[in-house]
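# Architecture and fold: a report
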Amino acid sequence: MQPHQFRQWFASLPDKYQKQAKALYDDARRGGGVHTASSLDLIRTLIEDQISFDGAYTYDDH
């Protein structure tokens, strides 16, 4: 996942999930400094899994 794709995806999230995604993003930045395409994709996967579990938001562009 490229940074511009991540930003578009992030902007589409409800506030609750934006906060969770931002926390994951910030934690990963502190640990390694830079995000790779795979780390952005991992964050997206973790948040989408949480959304699926919650059942409150049906974002799906696959």
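Note that this is a predicted model, so its numbers are computed, not measured. (Residues numbered from 1 in each chain as written. Predicted model: local features only at pLDDT ≥ 70, side-chain atom pairs only at ≥ 80, totals over all residues. Heavy atoms only, no water.)

This part covers the pattern of salt bridges. According to the stated counting rule, one finds two salt bridges in the structure shown. For the salt bridge of Asp41 with Arg44, the shortest nitrogen-to-oxygen distance reads 2.8 Å. Here the residue Asp41 and the residue Arg44 both occupy positions in helix 3 (residues 37-54), the gap between them amounting to three residues, near one helical turn. Exposure remark for Asp41: the relative accessible area of 28% places this residue in the partly exposed category. Classification of Arg44 by relative accessible area gives buried; the value is 17%. (Salt bridge = Lys/Arg side-chain N within 4 Å of Asp/Glu carboxyl O. Helix = DSSP H or I, 4+ residues; strand = E, 2+ residues; numbered from the N terminus. Buried < 20%, exposed > 50% of the residue type's maximum accessible area, 1.4 Å probe, protein only.)

Moving on, we come to the packing of helix 1 (residues 3-11) against helix 3. Contact pair helix 1 / helix 3: the axes reach a minimum separation of 10 Å and the direction vectors enclose 20°. Judged by the inter-axis angle, helix 1 sits roughly parallel to helix 3. Considering the relative orientation of helix 1 and helix 3, their crossing is left-handed. Touching Pro3, Phe6 and Trp9 of helix 1 are Leu40, Ile43, Arg44, Ile47 and Glu48, all from helix 3. Residue composition of the contact of helix 1 with helix 3, grouped by class: six nonpolar, no polar and two charged. (Axes fitted to C-alpha atoms, helices over the stretch in contact; angles between N-to-C directions. Parallel < 35°, antiparallel > 145°, perpendicular 65-115°, else oblique. Left-handed = near helix turned anticlockwise from the far one by under 90°. Contact = heavy atoms within 4.5 Å. Nonpolar A, V, L, I, M, F, W, Y, C, P; charged D, E, K, R; others polar.)

Purely spatial values, then, with no claim about function.
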